[in-house]
Amino acid sequence: MKRQTPILVVAAAVVAWTAGPDMVAAQTAGPASLLAIRGATILTITNGTIPNGTVLVRDGKIAAVGANVEVPASAEIVDATGKFLTPGIIDAHSHIAAESINEGGTTVSSMTGIEDVLDPTDVSIYRDLAGGCTTANVLHGSANPIGGKNSVIKLRWGKTRAEDLLFDGAVPGIKFALGENPKRPGSGQGRGPRRYPATRQGVEFVIRDAFTRAKAYQKAWTDYRARRAAGQPAMEPRRDLQLEPLVEVLEGKRIIHAHAYRADEMLMLMRLADEMGFKIASFEHTLEGYKVAKEMAAHGIVASSFADWWGYKEEVIDAIPYAPAIMTKKGVDVAISSDSAEHARRLNLEAAKAIKWGGLTEDEALRMVTINPAKSLRVDKRVGSIEVGKDADLVVWTKHPLSTYTTVERTYIDGILYYDRQTDERRVAELEREKAALVAAEAAAAKGKAGGKEAPRAAAEPAAPTEAAGGLVAPPPPSGPGQAPADGPIVAITNARLHPVTSPTIERGTLIIRGTRIAAVGADVQVPPGAKVIDTAGADVYPGWIDAASSLGITEPGPGGWYNDASEMLDYNAQLRTRVAYKADSDAIAIARTNGITASAIFPSGGVIAGDVPVMNLDGWTWEEATVRPSIGIVLNFPAIRGGGGFGGGGGGTGASGRERTYDDLKKERDKKLDEIAAIFDDARAYAKAGPDRIIDWALDALGPIVSGRQPLFVATESEADIRDAIAFAERLKVRLVLGAGPEAALVAPLLAEKKVPVILAGVLTTPSRDDVFHTASYQAPAVLARAGVNVVLSSGGGATNVRLLPYHAAMAVAWGLDRDEAIKAMTIRTAELLGVSDLMGSLEPGKLANLFVANGDPLDIRTAVTHVFINGRDVGISDRHRELYEKWMARQ
């Protein structure tokens, strides 16, 4: 028998940015004639779970599955002991590897096809493959009621020809689109001229008219062939490339994937399908599919849905995370799809949300990213489960694939190893060494040109950092709930596993709430007479999560329409008091707190200086009652060096003269803006010294705590270069800096640590900003910063609708290297310290506000349910608009 190969060791390098020699050799050789993966827990999807099982692969197909499979002596053996094996993840709705996806010139673009624009070099193929995805349905866009033809591909990273990606034998499909997207050109929202239709009924007519023409075209060809068969003279009809795909739909040779959000439009297309005689394979997005689940089940339509996206545009107001569970319980096959290169690399975790939101089983959740999307693409005879005869598209996971801590070790397609984590890590390490050598060589060359001296930097002259750099000074006296009396009703949370965060876990303890405050925490705490007792039966109790930066309460697409109070029109808005616009009964607030988030710093976003930052509890009748700290600093959006004539453009762009602007031009513009900002801060210092008789200037007054060092300046920026410039600029201003940044902050970790700059990190769950970094660079950023000694806390991303995902940013960071205790602190006590509210929240300690939650397990695991949430001592419940819709529509018979 061949020697055993440990799970992290491979013989061929199968991941590269281009098809290098190793990749070419691996693919030329094809799959190993015999491959045995043994020792894993096999999740077959369709035939149960096999502990300590073996899968035998022969010539790219699954030859045997079981606990006692006989392995031929000639087989290559992979030891997967202690790991999990699943079929490859299937993404039923993707746009990766496509150069363009929309056709703006016509309402019916069925003559176009994704196959013509497939790009095998798109790095998203590699990244999604590394997340266990092996098959993707690359769809046309949604600008047309009838769009273009899709392509089902296998993620064979390294292939150089587009046709080598195609899933041989997949049923052809076509994209339809309903709702707002195909209406936009007709409503004047598109970039080009107005184009019919502008209403949903207009969309229905376009589709009905197209099929009417297709039926006539079909009949013309049928009549022509009949006359020819009868020996009669006949003129061949003129070919119509627009109608031919629709004839294929009528004849059952091509399937429809229809973009749809609202229940009314889904019902419309089902009725139109009945009228015109065609079938719908899937509704894409299907966010209100739970309202017409019984009609979809009757039609046999697969719901290709999102796990929990909501609120990102007007037609998804009623999108709820319970939708996949409702549809499943009512007989609809549901596929969780991505529509995103980022979500596609963690679709296993998106599926896990259906366990939390709706109570599905693990088997039901896994079907949503394996066999169900295979059904929607009509390829379930080939992929989607581990069965004899199917393609050997397989994934080895370090833990159960629905665990937030799992990672992919290996991904096979057709029995070929296309991704191996250890090989990839070695490749990236070598690239980093090569880049470091190049940077060193460049620096040496620059030094030589400067006559043996270091070449001067263009950054502004730094000033000595203040003594308080890296942390807030003593906070002002508490206001709002912090002043509330610590008496009132008594609640005893008993029989709980208490996690104080600042002290060791108490395995079986009691926590007493008296009024607004925690009165006692411990293993031997006695329950006071008259207390309301909540027996948790061993559940876990944590301090409430604190989102370090969100726009909760000041932005929200509510049931009555969009509102946005985060962005004022001026460049300089230091005078704005953000808390006065905080909508305490926002739907997004209730939705966030049902997952354990109890407080947040609220960040405005408009202009260069955006306004002040309050810390708010996620409960209270009014904004006054919800205020924890009225203002802890000011937001500055650091001007980036970029084109387009402003701070949001891209590329170099052209100036008013039409001349192409160079990098130097753009830098001069940015530096001019920095000089402008510096002058404002100089004015603020002069204003602060002017004495009591000065004329009030509210903008300069608001900057007083910043220039005096009593409060930090929260500087938001993204790129490595801009982060370095922001640090230098803060020193020039002589202010304390708290950096709000994305994962590129990890590239500056040593400098941040040296300068003692705290970081509010957003964007863990995003794709890397650069193609030449490891595919999990975003996921690893918190660990890189923490290891460097940076004080890093976590943010959900600065918005309002996805705040409830905050603990899953932390969980992904843990999966990729961050200590779990540090991840918990980055959402609790460390955040509280950074925001100046650690006297009130961030840990379970007597005297602090009773901001906490109860969970039925590890709250970083997506499958864990939160059962109770307390804010300021009040049990706020776990009901929200989403749960109300769940209960309403589950009751529909």
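These numbers come from a predicted model, not from an experiment.

Student: I tried to follow the overall build of the chain on my own but got confused; where do I start?
Tutor: Scanning the chain for helices and strands turns up 23 helices and 38 strands. Buried residues in the chain amount to 57% of all 893 residues. Summarising the internal contacts of the chain: among those between residues at least 6 apart in sequence, 69% fall at separations of at least 24. Element-wise, carbon and sulfur atoms account for 52% of the exposed surface of the chain, whose accessible area totals about 35,100 Å².

Student: Explain the environment of Phe681 here, please?
Tutor: Note that Phe681 resides in helix H15 (residues 663-688). For the pair Phe681 and Val707, spaced 26 residues apart in sequence, the C-alpha to C-alpha distance is 7.0 Å. If we skip the residues at most four places from it in the chain, Phe681 touches Ile609, Leu636, Leu703, Ile706, Val707, Leu713, Leu733 and Val735.

Student: Help me understand the pattern of salt bridges in this model?
Tutor: Note that side chains of opposite charge can pair when their charged atoms are close. Considering all chains together, one arrives at 66 salt bridges under this definition. One salt bridge in this structure joins Arg892 and Glu295, with 2.8 Å as the shortest N-O distance. Taken together, the residues span a long stretch of sequence, with Arg892 in the segment after helix H23 (881-890) and Glu295 in helix H7 (residues 293-299) at a distance of 597 residues. The partly exposed category is assigned to Arg892, whose relative accessible area is 27%. If you follow the salt bridges from partner to partner, you end up with Lys61, Lys154, Arg156, Arg382, Asp391, Asp393 and Asp414 in one network.

Student: Honestly, helix H2 (residues 123-130) in this entry has me stumped. Any pointers?
Tutor: Helical geometry: 3.6 residues make up each α-helical turn, so side chains three or four residues apart lie on a common side. Extensive coverage of H2 is indicated by the burial of eight of its eight residues. Buried within H2 are the following residues: Val123, Ser124, Ile125, Tyr126, Arg127, Asp128, Leu129 and Ala130. Next to the buried residues of H2 lie strand S8 (133-138), strand S17 (408-413), strand S18 (416-420) and helix H12 (421-449).

Student: Sorry, what's going on with the packing of aromatic side chains here?
Tutor: Given two aromatic rings, one states the distance between the centres and the angle between the planes to describe the pair. Inspection of every chain in the model, using the stated rule, returns 17 aromatic pairs. Ring centres 6.0 Å apart and planes at 35° place the aromatic pair Tyr126 and Trp157 in the tilted group. Taken together, the residues Tyr126 in helix H2 and Trp157 in the loop between strand S10 (151-154) and strand S11 (173-177) connect sequence positions 31 residues apart. Residue Tyr126 is classed as buried on the basis of its relative accessible area, which comes to 1%. On the basis of relative accessibility, which here comes to 2%, the residue Trp157 falls in the buried class. Centroid distance Tyr322 to Trp357: 5.7 Å. Interplanar angle 80°. Geometry classified as edge-to-face. Here Tyr322 is found in the loop between strand S14 (302-305) and helix H8 (323-329), whereas its partner Trp357 is found in the loop between helix H9 (347-356) and helix H10 (362-367), with 35 residues between them in sequence. Both residues of the pair, Tyr322 and Trp357, count as buried.

Student: Teacher, can you tell me more about the nonpolar core here?
Tutor: Side chains that are nonpolar tend, in soluble globular proteins, to be buried together. Counting 194 residues, the largest nonpolar core has Phe681 and Leu752 as its most contacted members. No other element matches helix H4 (residues 200-229), which puts nine residues into this core. For Leu752, the contacting residues outside a window of four places in its chain are Ile723, Ile727, Leu739, Ala745, Val757, Val759, Leu785 and Val790. Ala549, Val615, Val738 and Ile760 belong to the second-largest nonpolar core, a separate cluster that totals 23 residues.

Student: For this particular structure, what's the right way to read the side chain of Lys183?
Tutor: Following the sequence through the fold, Lys183 ends up in helix H3 (residues 180-183). For Lys183, a relative accessible area of 12% translates into the label buried. Among residues more than four places away in sequence, those in contact with Lys183 are Pro197, Ala198, Thr199, Arg200 and Val203.

Student: What should I look at first to understand unusual backbone geometry in this one?
Tutor: Most peptide bonds are trans, and most residues other than glycine sit at a negative phi. The amide bond that connects Tyr196 to the next residue, Pro197, takes the cis arrangement and shows omega of 5°. One non-glycine residue, Ile45, adopts positive backbone phi at about 80°. With respect to the secondary-structure elements, Ile45 resides in the loop between strand S2 (34-43) and strand S3 (49-58). On the accessibility criterion, Ile45 (12% relative accessible area) is buried. Unusually for a residue other than glycine, Asp414 sits at a positive phi of about 55°. Topologically, Asp414 is positioned in the loop between S17 and S18. With a relative accessible area of 16%, Asp414 lands in the buried category.

Student: Just checking my understanding: could you explain the packing of H4 against helix H6 (residues 263-276) for this structure?
Tutor: In helix packing, the relevant descriptors are the interaxial angle and the interaxial distance, both defined with respect to the helix axes. Remark: H4 packs on H6, axes separated minimally by 11 Å, with the N-to-C direction vectors making an angle of 20°. One way to sum up the angle between H4 and H6 is to call them roughly parallel. The element H4 and its partner H6 pack so that their crossing is right-handed. From H4, Arg200, Glu204, Ile207, Arg208, Phe211, Thr212 and Lys215 reach across to H6, where they touch Asp264, Glu265, Met268, Leu269, Leu272, Glu275 and Met276. The residue makeup of the contact of H4 with H6, split by class, is six nonpolar, one polar and seven charged.

The rules we used
Residues numbered from 1 in each chain as written. Predicted model: local features only at pLDDT ≥ 70, side-chain atom pairs only at ≥ 80, totals over all residues. Heavy atoms only, no water. Helix = DSSP H or I, 4+ residues; strand = E, 2+ residues; numbered from the N terminus. Buried < 20%, exposed > 50% of the residue type's maximum accessible area, 1.4 Å probe, protein only. Contact = heavy atoms within 4.5 Å. Areas by Shrake-Rupley, 256 points an atom, 1.4 Å probe, with all protein chains shown as cover. Salt bridge = Lys/Arg side-chain N within 4 Å of Asp/Glu carboxyl O. Phe/Tyr/Trp six-rings, centres within 6.5 Å; stacked < 30°, edge-to-face > 60°. Core = buried A, V, L, I, M, F, W, Y, C linked by side-chain atoms within 4.5 Å. Axes fitted to C-alpha atoms, helices over the stretch in contact; angles between N-to-C directions. Parallel < 35°, antiparallel > 145°, perpendicular 65-115°, else oblique. Left-handed = near helix turned anticlockwise from the far one by under 90°. Nonpolar A, V, L, I, M, F, W, Y, C, P; charged D, E, K, R; others polar.

All we've got here are geometric facts, nothing functional implied.
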